[in-house]
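Summary of structural features
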Amino acid sequence: MKLSTNLLKSVPIFQLLNDDELLALQSISNLQSLENDNILFYEGDSSDILHIVLQGKISVYKVNAKNKEILLKEFLPYSFIAEVSNYNHINFPASAKAIGDATVLRIDYKEFEKTFLYHPNIAPTIIKSMANKVVSLEKVISSNLVLDATQRVAKFIYENEQCFLNAKHHKMAQNLNITPVTFSRILKKFKADGILQENNNLYTVNKELLKKLFS
């Protein structure tokens, strides 16, 4: 993939920039290709680069005292990654790595801040993105510090039923920061309690009973 003004214009936040602005943005940007588990940045790294996912998926995570990765969020194409750190000029508070092959747009934040941060076609999107990060972080804190494992699983299934029905259980367990064994044990209990009914590997979910577990 080559960094061109046409590629930049395909990124939704930059679609309304004129040709001169796109050329200016191109001059302060580059592309980074990553393979599965390649590190984009580590916790504590300087936030002098603004990152936008162009292809693939990026996982942002922290590592606890037991050296276990705690997933904070996964970012899909055209998402900003940790732009709150860029804006506040603080080091990245978590690490980021690729899940599968990925391509990331890297922008010199110091130059971006001068020319584009307060651009009328860009600023509203960045503000909205930062606000969404705060909401997402509040959910992570609530799920991991307030809810126990059973409540986290119940809340996840209640809010993401289609994902639960289609995704692999070990992946969901990872997202919820519990072991696959614990996840399976909780599902078994849900079946025994009539919250989940399984027929030919297809689940029927009683959302009313699920909600009672975490609300």
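We now turn to the structure provided with this report. Quantities reported herein were computed from a predicted structural model and do not represent experimental measurements.

1. Side note on the overall build of the protein chain
If you tally the helices and strands in the protein chain, you get ten helices and eight strands. Overall, the C-alpha framework of the protein chain stretches about 65 × 35 × 30 Å when taken along its three principal axes. For the protein chain, the residues scored as buried account for 38% of the 215 residues in total. Sequence separation of 24 or more characterises 68% of the internal contacts of the protein chain that already satisfy a separation of 6 or more. Surface accessibility of the protein chain: about 12200 Å² in total, with carbon and sulfur atoms responsible for 52%. Where the 25 positive side-chain charges of the protein chain centre and where its 22 negative ones centre are 8 Å apart.

2. Section: the packing of helix 6 (residues 149-159) against helix 10 (residues 207-214)
Interaxial distance between helix 6 and helix 10 falls to 8 Å at its minimum, and their mutual angle equals 140°. One way to sum up the angle between helix 6 and helix 10 is to call them oblique. In this structure, the crossing between helix 6 and helix 10 has a hand that is left-handed. Taken together, the residues of helix 10 that come into contact with helix 6 (itself represented by Gln-151, Ala-154, Lys-155, Ile-157 and Tyr-158) are Lys-207, Leu-210, Lys-211, Leu-213 and Phe-214. A breakdown of the residues in the contact of helix 6 with helix 10 according to their chemical character gives six nonpolar, one polar and three charged.

3. Some thoughts on the pattern of salt bridges
For the structure on display, the rule yields ten salt bridges. Residue Glu-74 pairs with Lys-57 through a salt bridge whose shortest N-O separation is 3.8 Å. Taken as a pair, Glu-74 in strand 4 (residues 69-75) and Lys-57 in strand 3 (residues 49-63) lie far apart in primary sequence, 17 residues in all. Of the residues examined, Lys-57 reaches a relative accessible area of 27% and is grouped as partly exposed. Among the salt bridges present, the one from Lys-97 reaches Glu-69, with a minimum N-O distance of 3.0 Å. One end of the pair, Lys-97, is in strand 6 (residues 95-108); the other, Glu-69, is in strand 4, and 28 residues separate them in sequence. On the basis of relative accessible area, Lys-97 is assigned to the buried category, the value being 13%. We classify Glu-69 as partly exposed; its relative accessible area is 34%. Here the salt bridges share partners, and the residues they tie into one network are Asp-37, Glu-69 and Lys-97.

4. Describing helix 9 (residues 180-192)
For helix 9, built from 13 residues, the straight-helix expectation of 18 Å at 1.5 Å per residue is met to within 8% by its first-to-last C-alpha distance of 18 Å. Looking at the buried positions of helix 9, the neighbouring elements they touch are helix 6, helix 7 (161-166), helix 8 (169-175), strand 7 (196-199), strand 8 (202-205) and helix 10. Immediately downstream of helix 9, the backbone of Gly-194 shows phi near 80°, a positive value.

5. Quick look at the packing of aromatic side chains
As enumerated under the stated definition, the model contains five aromatic pairs in all. Chaining the aromatic ring pairs together yields one cluster made of Tyr-109, Phe-112 and Phe-116. When the ring centre of Tyr-158 is taken as reference, the NZ or CZ atom of Lys-207 above it lies at 4.7 Å.

6. With respect to the environment of Ser-47
Among the secondary structure elements, Ser-47 is positioned in the loop between strand 2 (39-41) and strand 3. Residues Ser-47 and Lys-110, spaced 63 residues apart in sequence, show a C-alpha to C-alpha distance of 9.8 Å. Sequence-distant contacts of Ser-47, defined by excluding residues within four places in its chain, comprise Ser-85, Asn-86, His-89, Ile-90, Asn-91, Phe-92 and Tyr-109. Among the polar contacts made by the side chain of Ser-47, one reaches the main-chain carbonyl oxygen of Ser-85 at a distance of 3.2 Å.

The rules we used
Residues numbered from 1 in each chain as written. Predicted model: local features only at pLDDT ≥ 70, side-chain atom pairs only at ≥ 80, totals over all residues. Heavy atoms only, no water. Helix = DSSP H or I, 4+ residues; strand = E, 2+ residues; numbered from the N terminus. Buried < 20%, exposed > 50% of the residue type's maximum accessible area, 1.4 Å probe, protein only. Contact = heavy atoms within 4.5 Å. Areas by Shrake-Rupley, 256 points an atom, 1.4 Å probe, with all protein chains shown as cover. Lys, Arg positive; Asp, Glu negative; His and termini not counted. Charge placed at Lys NZ, Arg CZ, Asp CG, Glu CD. Axes fitted to C-alpha atoms, helices over the stretch in contact; angles between N-to-C directions. Parallel < 35°, antiparallel > 145°, perpendicular 65-115°, else oblique. Left-handed = near helix turned anticlockwise from the far one by under 90°. Nonpolar A, V, L, I, M, F, W, Y, C, P; charged D, E, K, R; others polar. Salt bridge = Lys/Arg side-chain N within 4 Å of Asp/Glu carboxyl O. Expected span 1.5 Å × (residues − 1). Phe/Tyr/Trp six-rings, centres within 6.5 Å; stacked < 30°, edge-to-face > 60°. Lys NZ or Arg CZ within 6 Å of the ring centre and 35° of its normal. Polar contact = N/O pair within 3.5 Å; in protein donor to acceptor, adjacent residues only side chain to side chain.

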